[in-house]
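Survey of secondary and tertiary structure
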Amino acid sequence: MREIGKRLPEIMTHAPDMPRLVHAWLTQQVEGRHELAMRSRDLVTLDASLQRLQKRAVGAITGVGLLAIATLMYVLQPPGWYWGDLPVLSLGAVAVGAFALARAWWR
């Protein structure tokens, strides 16, 4: 109550504008035109961090997927070129998958 008493002169100077401002704000809310504009270094840092995490997640998913494909190729023994007992495509998938997974892990 004391704070309101102290600020009453300031509030009274803005009182004539209040109905118009409240009406404009409510109109924007109802029509979906209200926008919140935020500018902060924290938001930029957060965005950069999320982009790095997204790249790591894509790399990890790619690596695990290629390792799973390599395992299936080894188990199913598809026709094609072999190096010893291992399908060449399976070896390639292991190499690329391990690289992608390692790159995502140590980034």
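Values in this document were obtained by computation on a predicted structure and should not be read as measured data.

A few points about the side chain of Ser-90
- Note on placement: Ser-90 falls in helix H4 (residues 88–105).
- A polar contact of 2.9 Å, which involves the side chain of Ser-90, links it to the backbone oxygen of Ala-70.
- With residues up to four places along the chain from it excluded, the contact list for Ser-90 reads Ala-70, Met-73 and Tyr-74.

Here we look at the pattern of salt bridges
- Tallied over the entire structure, the rule returns 3 salt bridges.
- In this structure, the salt-bridge partner of Arg-7 is Glu-10, at a minimum N-O distance of 3.2 Å. Placement of the pair is Arg-7 and Glu-10 together in helix H1 (residues 2–14), with a separation of 3 residues, close to one helical turn.
- Overall, the relative accessible area of 40% leaves Glu-10 in the partly exposed class.
- Residue Arg-33 is joined to Glu-31 by a salt bridge in which the shortest nitrogen-to-oxygen separation is 2.6 Å.

With respect to helix H2 (residues 18–31)
- For H2, spanning 14 residues, the distance from its first C-alpha to its last is 20 Å, which sits close to the expected 20 Å at 1.5 Å a residue.
- Of the residues trailing H2, Gly-32 is marked for its positive phi of about 75°.

Section: a nonpolar patch on the surface
- Taken together, the side chains of Met-1, Ile-4, Leu-8, Ile-11 and Met-12 present a nonpolar region at the surface, about 570 Å² in accessible area.
- Position of Met-12 relative to the elements: it lies in helix H1.
- In this structure Met-12 comes out as exposed when scored by relative accessible area, which is 54%.

Here is what the cut-offs are and how they apply
Residues numbered from 1 in each chain as written. Predicted model: local features only at pLDDT ≥ 70, side-chain atom pairs only at ≥ 80, totals over all residues. Heavy atoms only, no water. Helix = DSSP H or I, 4+ residues; strand = E, 2+ residues; numbered from the N terminus. Polar contact = N/O pair within 3.5 Å; in protein donor to acceptor, adjacent residues only side chain to side chain. Contact = heavy atoms within 4.5 Å. Salt bridge = Lys/Arg side-chain N within 4 Å of Asp/Glu carboxyl O. Buried < 20%, exposed > 50% of the residue type's maximum accessible area, 1.4 Å probe, protein only. Expected span 1.5 Å × (residues − 1). Patch = residues over 30% accessible without salt bridge, like charges linked within 9 Å, V, L, I, M, F, W, Y side chains within 5 Å. Areas by Shrake-Rupley, 256 points an atom, 1.4 Å probe, with all protein chains shown as cover.

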